[in-house]
Amino acid sequence: MSDNHAPRTASQRAAWTTTVVVASLVLVFLMAPILAIMPLSFSSGSYLTYPLPGLSLRWYEDFLNSPRWVSSLKNSVIIGVASTILSMVLGTLASLGLAQWKSKFKPLVLAIVLSPVVVPGVITAVGLYFFFAPIGLTGSYAGLILAHTALSTPFVVITVSATLQSFDMNLARAAASLGASPLYAFRRVILPLILPGLASGALFAFATSFDEVVVVLFMAGPEQRTLPREMFSGIRENISPTITAAAVILTTISVILLATLEALRRRNERLKGNLR
Amino acid sequence: MTAAFVAGADASSEVPLKRRLKRAERTRRLKALALILPLLLFLLFTFLGPIAGMLWRSVDDWEVRQVLPHTVAALADWDGKDVPGEPAFAALAGDIRTARDAGTVAIASKRLNYALNGFRTIMAGTARNLKTLPDPGTAKATLIAINPAWGERATWAAIKGASGPLTGFYLLGALDLTRNLDGAIVAAPEEQAIYRDVFGRTFTISFGVTALCLILGFPVAYMLATLPTGQSNLLMIFVLLPFWTSLLVRTCAWIVVLQSEGIVNDSLRWLGLIDEPLRLIYNRFGVYVAMTHVLLPFMILPLYSSMKSISPAYMRAAASLGASPVTAFLRVYLPQTVPGIGAGSLLVFILAIGYYITPALVGGAADQMISYFIAFYTTETVNWGLASALGAVLLLATLLLAVVYGKLVHGQQVTGGMKN
């Protein structure tokens, strides 16, 4: 990487140093709050202050022994997994269709498909609340799964479409010319090649549902409270160290998701490199 | 003969081939549509429908129409200049008796109370005191005897104004406007006129957060785009990890860090810089800090990708032509980052104006943005018309900005394609 904007003269070096210092401070600003609350979850005291009086796992124990927290974690997983599966099916089908569809209406359809990302959460939540209440879908798992599917499908479409764009459609044609039925060609030729893209889409979808709180706030009954929803009320009432334990658990899940995505991206780039 | 036969065969097969191709093309298009259709239908039910329903609620005026149907009919020809005549009073008396038996008085009086403060009391008192239907010809006198308000023009104008089927009442209200007795659009009374302030506050906070994100994000994006790939990939984790961390975790973290016994106040006290803890959270400062933290990655990532595509050759060329580093940066580098700045700023601004959770948790009462009021009128006071109208205004602002964003990003892709 000699081909960069590396500084040459003394004044450029000074400017570069300033940039690095300022940028590093901003990076610290980005990480500091997350790093600051993690140790508090291991405190043996019940105040959220430093220095820690001692180390213990009592707040994790508290988390695991509290039916409220455990059921909220369970709900998050149930709703996350179900909406991921649903949005993967709908999103992948739509991406395959969009890749082949040529029409002047395509930008409009794309705008509709992607709009759940843009529309403010409160508007979606209020609309769904009005719409789902009369048909008995508020306070139900089904309602939340449907709502989260609508919110996460755009990410599936974006990710899978990007993968399909780099996919050589001639491979599908070759399969067809060799007598493969469209379904067989999809299963044996297209699917294995776009699988990493699908996996990234699924991770995005799961992360979207797992982090969503506004729709849950409006639509969930006491039975369907998710982990972020429980944290919301926890923060509202008073922040106990149990919340910091919940925060660490949530963050750990985020890190696992991020690491998996990164690994998929690396693998994909390596594969592309090999093809060239 | 053979030649004619061949020519004939050619002519006859050419048309079917064309047709066959067309048919194949059509089948392909239909197949593609069939793949997209499930998602579109799904979104119709779970997203577009609900939003259309919300927009409909912002203009729908059904309550009075449903509960007082005969009164609405009797007022259809009322010119609004004077208190209406006996037939309207008779219709109202009949409607109120029916509504009382059906238990629907409260539905109408809630709507009428929005139009005229105190109407709830008028309705409740009238429903209670109207023991029997008044004798023909005495309805007017009876009702005015129960409550003199029935002898006032404004009372009837409120019913007429709320008789639907469509109303601009909520949308006007969302913009601090109302109609006066003569139907002209005027400024709403001061105690109700709070939404322009709220929209102003929403835009001020969003603008401030966008500016902070740009100021803080620019050096980071520049550093990441300039450093060798290995190092920048490593530092990128500092941007991506917070990006992937739950919004609730980050908001909670800021409360822990900034509260009066929090880490920042403790450190400042330990250093002897302050005696009393500073108020850093549950106010505007806290909103700015937490929102900037949450939205900063949305600024850094588009800035980074636009800077990454700037060839260092431009800066070297500028330097070789005698430009000072400052001139080269301002005149050569900065202009090329403008698309990235535009995309990042619009994205942050669009996301910021819809924010609800963060201001609700770290802001004070005077720092709540428009989304808070939409939620408040939906779940707390159940004024769904006003909630929907405020939502409609926010949705319109968001969609307009999103269209600009789409044009900007799309245009970038087009020019990017041309460059290659």
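Residues numbered from 1 in each chain as written. Chains lettered and ligands numbered in written order. Predicted model: local features only at pLDDT ≥ 70, side-chain atom pairs only at ≥ 80, totals over all residues.

An unreviewed UniProt entry annotates chain B as ABC transporter permease of Azospirillum isscasi. In its Sequence similarities (unreviewed entry) section, the UniProt record describing chain B reads: "Belongs to the binding-protein-dependent transport system permease family. CysTW subfamily." (UniProt positions renumbered as here; feature names shortened; annotations may be inferred.)

By the naming in an unreviewed UniProt entry, chain A goes by ABC transporter permease and is assigned to Azospirillum isscasi. According to the UniProt record, the Sequence similarities (unreviewed entry) comment for chain A reads "Belongs to the binding-protein-dependent transport system permease family."

(A) Quick look at the overall build of chain B. Secondary structure summary: chain B contains 19 helices and two strands in total. Relative to the 2.2 N^0.38 estimate, which gives 22 Å for 420 residues, the radius of gyration of chain B is 32 Å and therefore markedly larger than a compact globule would have. Expressed as lengths along the three principal axes of its C-alpha atoms, the size of chain B is roughly 110 × 100 × 40 Å. Sorting the 420 residues of chain B into buried and exposed places 40% on the buried side. Taking as baseline every contact in chain B between residues at least 6 positions apart, the subset at least 24 positions apart corresponds to 69%. (Helix = DSSP H or I, 4+ residues; strand = E, 2+ residues; numbered from the N terminus. Rg over C-alpha atoms; globule rule 2.2 N^0.38 Å. Buried ≥ 20, exposed ≤ 12 C-beta atoms within 10 Å, placed from the backbone. Contact = placed C-beta atoms within 7 Å.)

(B) Focus on the overall build of chain A. Each helix and strand counted, chain A has eleven helices and zero strands in total. The order of helices and strands in chain A, counted from the N terminus, is α-α-α-α-α-α-α-α-α-α-α. Structurally, chain A occupies a C-alpha span of about 70 × 70 × 30 Å along its principal axes. Residues counted as buried form 42% of the 276 residues belonging to chain A.

(C) Focus on unusual backbone geometry. Residue and element names in this part refer to chain B. The step from Gly164 to Pro165 runs through a cis peptide bond, and the omega angle for that step is 0°. Along the chain, Pro165 turns up in the loop between helix 8 (153–161) and helix 9 (169–174). One non-glycine residue with positive phi stands out, namely Asp176, at about 65°. Mapped onto the fold, Asp176 is located in the loop between helix 9 and strand 1 (177–179). By C-beta crowding, Asp176 is classed as partly exposed, having 18 other C-beta atoms within 10 Å. The phi angle at Tyr282 is positive, at roughly 60°, despite the residue not being glycine. Here Tyr282 shows up in the loop between helix 13 (263–270) and helix 14 (284–308). Among the residues examined, Tyr282 registers 18 C-beta atoms within 10 Å and is labelled partly exposed.

(D) Region of interest: the UniProt feature "domain: ABC transmembrane type-1" (unreviewed entry) in chain B. Under the UniProt annotation, "domain: ABC transmembrane type-1" (unreviewed entry) lies at residues 199–405 of chain B. Helix makes up 80% of residues 199–405 of chain B and strand 0%, and the two end C-alpha atoms of the span are 21 Å apart.

(E) Region of interest: the UniProt feature "transmembrane region" (unreviewed entry) in chain B. Those residues carrying the UniProt feature "transmembrane region" (unreviewed entry) are residues 32–56, 205–225, 237–260, 280–301, 313–334, 340–363 and 384–405 of chain B in this numbering. Across residues 32–56 of chain B one finds 100% helix and 0% strand; the C-alpha atoms that close the span lie 32 Å apart.

(F) Structural context of the UniProt feature "domain: ABC transmembrane type-1" (unreviewed entry) in chain A. What UniProt calls "domain: ABC transmembrane type-1" (unreviewed entry) maps, in this numbering, to residues 73–261 of chain A. Span residues 73–261 of chain A is 82% helix and 0% strand, its end C-alpha atoms 22 Å apart.

(G) Layout of the environment of Gly80 of chain B. Residue and element names in this part refer to chain B. Among the structural elements, Gly80 can be located in the loop between helix 3 (69–74) and helix 4 (86–102). Between the C-alpha atoms of Gly80 and Asp182, which are 102 residues apart in sequence, the distance is 7.8 Å. Sequence-distant contacts of Gly80, defined by excluding residues within four places in its chain, comprise Ala157 and Lys160.

(H) Main features of the interface of chain B and chain A. Between chain B and chain A, the residue contacts involve 71 residues of the former and 72 residues of the latter. Taken together, the residues of the side of chain B that touches chain A break down into 51 nonpolar, 14 polar and six charged. (Nonpolar A, V, L, I, M, F, W, Y, C, P; charged D, E, K, R; others polar.)

(I) Examining the packing of helix 10 (residues 195–226) of chain B against helix 16 (residues 325–353) of chain B more closely. All names here are of chain B. The N-to-C vectors of helix 10 and helix 16 enclose an angle of 140°; their axes lie 9 Å apart at closest approach. Considering the angle they form, helix 10 stands oblique to helix 16. In the packing of helix 10 onto helix 16, the handedness of the crossing is right-handed. Judged by residue contacts, Thr202, Phe203, Ile205, Ser206, Val209, Thr210, Cys213, Leu214 and Gly217 of helix 10 engage Ile341, Gly344, Ser345, Val348, Phe349, Ala352 and Ile353 from helix 16. Grouping the amino acids of the contact of helix 10 with helix 16 by side-chain chemistry returns ten nonpolar, six polar and no charged. (Axes fitted to C-alpha atoms, helices over the stretch in contact; angles between N-to-C directions. Parallel < 35°, antiparallel > 145°, perpendicular 65-115°, else oblique. Left-handed = near helix turned anticlockwise from the far one by under 90°.)

(J) Region of interest: the confidence of the model for chain A. Considering every residue of chain A, the mean pLDDT works out to 88; 95% of them sit at 70 or more. Element-level pLDDT for chain A is lowest in helix 11 (residues 241–275) of chain A, with a mean of 83, against a maximum mean of 95 in helix 5 (residues 121–132) of chain A. (pLDDT = per-residue confidence, 0-100.)

(K) Representation of the nonpolar core in the model. Residues and elements named next belong to chain B. Ranked by internal contacts, the top residues of the largest apolar core, which has 183 residues, are Cys252 and Leu295. Considering every element that reaches this core, the biggest residue donor is helix 14, with 14 residues. When residues no more than four places from it in sequence are discounted, the contact partners of Leu295 are Val209, Cys213, Val348, Leu351 and Ala352. (Core = buried A, V, L, I, M, F, W, Y, C linked by C-beta atoms within 7 Å.)

(L) Spotlight on the UniProt feature "transmembrane region" (unreviewed entry) in chain A. Residue and element names in this part refer to chain A. Here the UniProt-annotated "transmembrane region" (unreviewed entry) positions come out as residues 20–42, 77–96, 108–132, 144–164, 193–219 and 239–261. For residues 77–96, the helix share is 100%, the strand share is 0%, and the end-to-end C-alpha distance is 28 Å. The distance from the first to the last C-alpha atom of residues 144–164 is 30 Å, and the span holds 100% helix and 0% strand.

(M) Here's a closer look at helix 10 of chain B. For helix 10 of chain B, spanning 32 residues, the distance from its first C-alpha to its last is 45 Å, which sits close to the expected 46 Å at 1.5 Å a residue. At Gly217 of chain B, helix 10 of chain B is deflected by roughly 35°, the largest bend along its length, and proline Pro219 of chain B occurs up to four residues later in sequence. (Expected span 1.5 Å × (residues − 1). Bend = angle between axes of the 7 residues up to and from the residue.)

(N) Structural view of the domain arrangement of chain B. What the domain assignment lists for chain B is domain 1 (1–57), domain 2 (63–167) and domain 3 (195–419). Placing the centre of domain 1 of chain B and that of domain 3 of chain B at their C-alpha centroids yields a distance of 44 Å. (Domains from an automatic or database assignment.)

(O) Highlighting the environment of Asn283 of chain B. Residues and elements named next belong to chain B. Residue placement: Asn283 occurs in the loop between helix 13 and helix 14. When the C-alpha atoms of Asn283 and Ser58 are compared, they prove to be 31 Å apart, with 225 residues separating the residues in sequence. Residues contacting Asn283, with those up to four places away along its chain left out, are Gly364 and Asp367.

(P) Broad picture of the packing of helix 3 (residues 67–100) of chain A against helix 6 (residues 141–165) of chain A. All names here are of chain A. Contact geometry of helix 3 with helix 6 gives a least axis separation of 6 Å together with a crossing angle of 40°. Taken as axis vectors, helix 3 and helix 6 run oblique relative to one another. Crossing handedness for the pair helix 3 and helix 6: right-handed. Tallied by class, the residues present in the contact of helix 3 with helix 6 amount to 16 nonpolar, eleven polar and no charged.

(Q) Up close: the environment of Val249 of chain B. Residue and element names in this part refer to chain B. Mapped onto the elements, Val249 comes out in helix 12 (residues 247–258). Val249 sits in the buried class, given 26 other C-beta atoms within 10 Å. It is 32 Å that separates the C-alpha atoms of Val249 and Arg196, two residues lying 53 residues apart in sequence.

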